[in-house]
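# Structure assessment
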Amino acid sequence: MSDWPEGSGRARTSGEGRGGGAEPVAWSGPEGAQAFAAVEAATDWLLGYPFVFRTLARWVDSGSVLVDYGCGPGKVADHGARLLGAKVLGVDTSPEMLALARGSGTAVAEYHLVTDGRTACLADGGADAVMCNHVLASLPTAEAMLAVFREVRRLLRPGRPFVLLATDPACSGTEYASLRIGEAGGQYGPGDELPVRLRRADGSWQVMPNHAWPVDFYPPLLERAGFANLVQHRPTVDEALGVPGLVDPDLAAGRTWSAERAKPPLVITTALAV
């Protein structure tokens, strides 16, 4: 989750509490990369990433190439590599994010830079699957999103999956375990800026401006980019806790997840390359 070429120059904000007075920080710089690496992401590890991996497991194995498009500091890419056994290539526009990923001491994925919107480490059709987690909210326009989708389509072999994880701006104002999307009572149209609060591992919060993209905004653009067979899934807490081994048991037992039960905020979109 970092600044992509189509949306470069838009600062993120890092700060405490509800966001007033914080200094802007670009995720692509050293300070922003360190800030993003400190995010806890408990809600994502309950209702997001495990379901992304479960979807990918139907398609990838030890002989597959999986791309994590917008990998950030590499936590999800490395976890996916260990869990799925695939060759995982994490790609990002931020050299600082990639430096953190490579220097983690536990890295098992490979990491490559995206330059001018192109993933030069792979030829056309070089990937068996692509995942993209929380990148779309950093894109300021539909044209920027379409450009990302077209690059992902270039990477994929026909018939192979593109799995997207995103927050739903319709859930604005709800206090989840590790995030809040937008302000209470706020209504956000496609592309509008909205603040997102993320809990750090130390219990403090950081605030970042993202863009509101309704989850029904993605399918038409995916079809234009060369994808079909689109399916959207909103994981629930009961579903996460009802599948043995899907979610880390300590994470599952550590909270009541009351807000996540009442209004699950994450949506997974899966589409196949035509």
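All chains use their own residue numbering, which begins from 1 and follows the written sequence. Totals for whole chains, interfaces and linings use every residue, but because this is a predicted model, local features are given only for residues with pLDDT of at least 70 and side-chain atom pairs only at 80 or more, for both listing and counting. Hydrogen atoms and water are omitted, and side-chain values are computed over all heavy atoms in the structure.

## Observations concerning the overall build of the chain
- We count a stretch as a helix when DSSP gives it H or I for four or more residues in a row; a strand needs E for two or more, and each element gets its number in order from the N terminus. When helices and strands are tallied, the chain shows 10 helices and 12 strands.
- For the area figures, the Shrake-Rupley method with a 1.4 Å probe applies, and any residue is considered shielded solely by the protein chains shown. Working note: accessible area of the chain is about 10,900 Å², and carbon and sulfur atoms make up 52% of it.

## Description of the side chain of Arg 153
- As for its placement among the helices and strands, Arg 153 is situated in helix α6 (residues 142-155).
- Although Arg 153 is buried, it makes no salt bridge; Asp 124 carries the closest opposite charge, 8.4 Å away.
- Whether two residues are in contact is decided by their heavy atoms: any pair within 4.5 Å suffices. Those residues within four positions of Arg 153 in sequence are excluded, and the remaining contacts are Pro 158, Ala 225, Gly 226, Phe 227, Ala 273 and Val 274. Summary of the burial criterion: residues with accessible area below 20% of their type's maximum are buried, those above 50% are exposed, and those between are partly exposed, where the area comes from a 1.4 Å probe applied to protein chains only. For the purpose of charge, His is not counted, nor are the chain termini; Lys and Arg are scored as positive and Asp and Glu as negative. Basic side-chain nitrogens of Lys or Arg form a salt bridge, by our definition, when they fall within 4 Å of a carboxyl oxygen of Asp or Glu.

## Looking at the confidence of the model for the chain
- One confidence number per residue, pLDDT, is output by the predictor and ranges from 0 to 100. Scored by pLDDT, the chain has a mean of 89; 88% of the residues are at 70 or more.
- Every residue in residues 1-26 is under pLDDT 50, and counting partners more than four places away or in other chains gives 91 contacts.

## A few points about the sheet that holds strand β7 (residues 161-167)
- If you walk across this open sheet you meet the 7 strands as β5-β4-β3-β6-β7-β12-β11, and the pairing is mixed. Here the strands that pair on one side only, and so sit at the sheet edges, are β5 (110-113) and β11 (227-233). Put simply, the sheet's adjacent strands are angled 20 degrees from each other on average, direction ignored.
- Pairing of strand β3 (residues 65-69) with strand β4 (residues 87-92), which is carried by 5 bridges, proceeds in the parallel orientation. Within the sheet, the bridge partner assigned to Asp 68 lies in β4 and is Gly 90.
- Strands β3, β6 (129-133), β7, β11 and β12 (266-273) of the sheet are contacted by helix α3 (residues 49-56), whose axis makes an angle of about 170 degrees with β6.
- Its contacts with the sheet put α6 on β3, β6, β7, β11 and β12, and the angle it makes with β3 is roughly 170 degrees. A pair of strands counts as paired when DSSP detects no fewer than two bridges linking them. Throughout, an axis means a line fitted to C-alpha atoms (over the contacting stretch in the case of helices), and angles, computed between N-to-C directions, take values from 0 to 180 degrees.

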